[in-house]
Structures are given as C-alpha cells and as structure tokens.
Amino acid sequence: MHEYSLIKEIVDTVLEKAKEYNAKNVIKVEIDVGELKFLTDEQAQYLFRELSKGTILENTKLEINYVSSEIYCRKCGYKGKAEHLEEVDPHFPIIKCPKCGNEFVEIIRGNECIIKSIQVEK
Ligand SMILES: [Zn+2]
C-alpha cells in the first residue's frame, strides 16, 4: 500500500530528527504533499496516528500542505495542471495531458512528499 509506506517514511524520518535534536516531544510536523500522490488528509492522519503509536509522535499534530500539479506535454507543448483518471485503479491513476490526452507527460510538480518543518520541545 503506497500511502502506508509514504507515511511510514515520514514517521521514521521525524523520529530520527527528533532523536538528533534530543527532543522530548514533537509538537507539529508540516509536510508538503503533491496532489498526484493521491493521499487524502483523512488517510494521512489515520496512518500517522497508527504508525506513531508508542512513540513521541503520539500527540503530534500533522499538517499537510497540498501542492498542485504541473505537467509538461512534449506532444502538444501544454504546461499546467494535470488531468487524472482514477477509475481504472485509484492507487495508480492515469495522469494525462488535458489538452491532447497524451499519457506520457513529464511531471514538473505534484509528485513530492517532503517534510517542511518539525516543531520540537526540548
Ligand atoms: Zn498534450
């Protein structure tokens, strides 16, 4: 499950950083998630809670900033928001050019998942 591994990686990284800074508690974690990751806030919050059980992240607030997508289509030169079809497989939607329908587009933005800030208590 791709959502699981995404959040697992975030939890592991934050725990590692918290240890590095000798943090007693982590107050808030802010992440940037591209819309092409198809991670809903509900899913992310649930997985974060589950995966941080028994750690110092148990009461940490998870804040998600969604990054809108930007693609480039070599076929027609379109640059902008991607079109995505989720009916085939909701976990691996088809990302298309909304102008010409090309499915082999270059993703400029919208596929990231990065930790933006970690607020700790020492
Ligand atoms: Zn196109």
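Residues numbered from 1 in each chain as written. Predicted model: local features only at pLDDT ≥ 70, side-chain atom pairs only at ≥ 80, totals over all residues. Heavy atoms only, no water.

(A) Representation of the packing of helix α1 (residues 2-20) against helix α2 (residues 41-51). Relative orientation of the contacting elements α1 and α2 amounts to 55°, with a least axis distance of 9 Å. In this view, α1 runs oblique relative to α2, as classed from their interaxial angle. With respect to the hand of their crossing, α1 and α2 are arranged in right-handed fashion. Within the contact between the two elements, α1 uses E3, Y4, I7, K8 and V11 and α2 uses Q43, A44, L47, F48 and L51. Of the residues belonging to the contact of α1 with α2, the class tally is seven nonpolar, one polar and two charged. (Axes fitted to C-alpha atoms, helices over the stretch in contact; angles between N-to-C directions. Helix = DSSP H or I, 4+ residues; strand = E, 2+ residues; numbered from the N terminus. Parallel < 35°, antiparallel > 145°, perpendicular 65-115°, else oblique. Left-handed = near helix turned anticlockwise from the far one by under 90°. Contact = heavy atoms within 4.5 Å. Nonpolar A, V, L, I, M, F, W, Y, C, P; charged D, E, K, R; others polar.)

(B) Fine view of the sheet that holds strand β8 (residues 113-121). Taking strand neighbours across the sheet as the criterion, the three strands line up as β2-β1-β8 in an open arrangement whose pairing is mixed. The open sheet is flanked by β2 (61-67) and β8, the only strands paired with a single partner. The average angle at which neighbouring strand axes cross in this sheet is 15°, direction not considered. Taken together, the seven bridges between strand β1 (residues 25-34) and β2 define a ladder with parallel strand orientation. Paired with K28 across the bridge in β2 is K61. Running at roughly 40° to β8, α1 makes contact with β1 and β8 of the sheet. (Pairing = 2+ DSSP bridges.)

(C) Broad picture of the nonpolar core. I7, I31 and L62 are the most contacted members of the largest nonpolar core, which has 19 residues in total. Of all the secondary-structure elements, those providing two or more residues to this core are α1, β1, α2 and β2. Other than its neighbours up to four places away in sequence, L62 contacts V29, I31, A44, Q45 and F48. Within the second largest apolar cluster, nine residues are counted, among which are F38, I71, C73 and V105. (Core = buried A, V, L, I, M, F, W, Y, C linked by side-chain atoms within 4.5 Å. Buried < 20%, exposed > 50% of the residue type's maximum accessible area, 1.4 Å probe, protein only.)

(D) Just the coordination of the zinc ion, in detail. The coordination sphere of the zinc ion, as far as protein atoms go, consists of C73 (SG), C76 (SG), C97 (SG) and C100 (SG), spread over 2.3 Å. Each of the four donor atoms bound to the zinc ion contributes to angles spanning 105 to 113°, and the resulting shape is tetrahedral. For C73, a relative accessible area of 0% translates into the label buried. (Donors = N, O, S within 2.8 Å, 3.2 Å for Na, K, Ca; no water. Tetrahedral: all angles 85-135°; square planar, octahedral: opposite > 155°, others 65-115°.)

(E) How the structure looks around the pairing of β1. Within β1, seven of the ten residues are buried, leaving the element largely enclosed by the surrounding structure. Note: β1 against β8, eight bridges, orientation antiparallel. Residue pairing for β8: E30 is matched across the bridge by S117. Handedness of the crossover joining β1 and β2 through α2 is recorded here as right-handed. (Right-handed = clockwise from strand over helix to strand, strands pointing away.)

(F) Up close: α2. For α2, every residue scored as buried is listed here: A44, L47, F48 and L51. Angularly, the buried residues of α2 cover 105° about the axis, an arc narrow enough to put them on a single face. Those residues of α2 that are exposed and angled more than 90 degrees off the buried face are E42 and Y46. Packed against the buried residues of α2 are α1 and β2. (Arc of directions from axis to C-beta.)

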